[in-house]
Amino acid sequence: IIKNDNYEDRKEEIFFSGSLNLKFRRRYDILNLILKNEISLELRLRDLNEELIFFKKINLFIKKNFPSFHQSLIEKKILPLKNRFKKVNKKELYGIDMMKKIKDFKFCINIHSDFDIDNAINLRVFEAMSQGSLLFSDKNRFMEKYFLDKKHVIYFLDEKDLLDKIQYYKKNIMLAKKIASDASKEIYKNHTCEKRFEEFLELIKN
């Protein structure tokens, strides 16, 4: 947990990090709509796939036979040959570097995987909240058991709802700060590693 209280000084871009291969079609559609509406995004995407099968085969051939060359083409944003996100995407981040980056932003988006929505909570939820970033997340029945709408998180129903809510909280920064702060306190109180260890030890005792 990295506490950071300078909410007003943070960037107003929307931060998103995660995989974006073909298993995450809903993520793709939502992020694409945000970009089309000219809302600034900082993207740290993994697994950028080719959008066309023909180009995907070329990409996989290069990756299999010339891995170092393949990596250099990705870094130069030549690969994937056909993917609209590659030009705006930035270097992938992990661990402490990811956490430090999140705390630079007022807002963060979470979009659950197509295959686990309503059954799990993405790690990004805990990361964003612990860094005091206001989190916009797709509605998730499992997540709603632990984090309340407009108290800890801003849930959205669809793409239009998300766009409307982003615009609203950009105009109401102090309210955004309050919700982000309450979410951070909830993380410190109930969702630290220490708390999980205590619960784990209690399970063992029982």
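Everything below is about the structure printed above this text.
Residues numbered from 1 in each chain as written. Predicted model: local features only at pLDDT ≥ 70, side-chain atom pairs only at ≥ 80, totals over all residues. Heavy atoms only, no water.

Participant: Which parts of the structure should I look at to understand the sheet that holds strand β1 (residues 11-19)?
Facilitator: Sheet strands line up and pair through hydrogen bonds in the backbone, either parallel or antiparallel. Ordered in space as β2-β1-β3-β4-β5, the five strands form an open sheet in which the pairing is parallel. Two strands bound the open sheet, and with one partner strand each, they are β2 (41-46) and β5 (154-156). Strand after strand, the sheet turns through a mean of 20° between neighbouring axes, direction not considered. Where β1 lies against strand β3 (residues 105-110), three bridges are found, and the strand directions are parallel. Looking at β3, one finds that Lys 11 is bridged to Phe 105. Across the sheet, helix α1 (residues 25-36) touches β1, β2, β3, β4 (134-138) and β5, and the angle it forms with β2 is around 155°. Of the strands in this sheet, β1, β2 and β3 are in contact with helix α4 (residues 95-102), which crosses β1 at around 150°. (Pairing = 2+ DSSP bridges. Helix = DSSP H or I, 4+ residues; strand = E, 2+ residues; numbered from the N terminus. Axes fitted to C-alpha atoms, helices over the stretch in contact; angles between N-to-C directions. Contact = heavy atoms within 4.5 Å.)

Participant: Sorry if this is basic, but what is going on with the packing of aromatic side chains here?
Facilitator: Each aromatic ring pair is characterised by the separation of its centres together with the angle its planes make. Taken as a whole and assessed by the stated rule, the structure comprises 10 aromatic pairs. Taking the centre distance of 5.1 Å and the plane angle of 85° together, the rings of Tyr 28 and Phe 85 count as edge-to-face. Linking Tyr 28 in helix α1 with Phe 85 in the loop between α3 (67-75) and α4, this pair joins segments that are 57 residues apart in sequence. Judged by its relative accessible area of 0%, Phe 85 falls in the buried class. Taking the centre distance of 5.4 Å and the plane angle of 70° together, the rings of Phe 54 and Phe 55 count as edge-to-face. Put simply, the rings of Phe 107, Phe 136, Tyr 168 and Tyr 169 pair up and form one aromatic cluster. The side chain of Arg 25 reaches across the aromatic face of Tyr 28, ending 4.4 Å from its centre. (Phe/Tyr/Trp six-rings, centres within 6.5 Å; stacked < 30°, edge-to-face > 60°. Buried < 20%, exposed > 50% of the residue type's maximum accessible area, 1.4 Å probe, protein only. Lys NZ or Arg CZ within 6 Å of the ring centre and 35° of its normal.)

Participant: Please explain the environment of Glu 50 as it appears in this structure.
Facilitator: Structurally, Glu 50 is set in the loop between β2 and α2 (53-65). Residues Glu 50 and Asn 83 lie 33 residues apart in sequence; the distance between their C-alpha atoms is 5.8 Å. Setting aside its immediate chain neighbours within four residues, Glu 50 contacts Phe 55, Lys 56, Asn 59, Leu 79, Pro 80, Leu 81 and Lys 82. A distance of 3.1 Å separates the side chain of Glu 50 from the side chain of Asn 59, its partner in a polar contact. Reaching out from Glu 50, the side chain makes a polar contact with the backbone nitrogen of Leu 81 at a distance of 2.6 Å. (Polar contact = N/O pair within 3.5 Å; in protein donor to acceptor, adjacent residues only side chain to side chain.)

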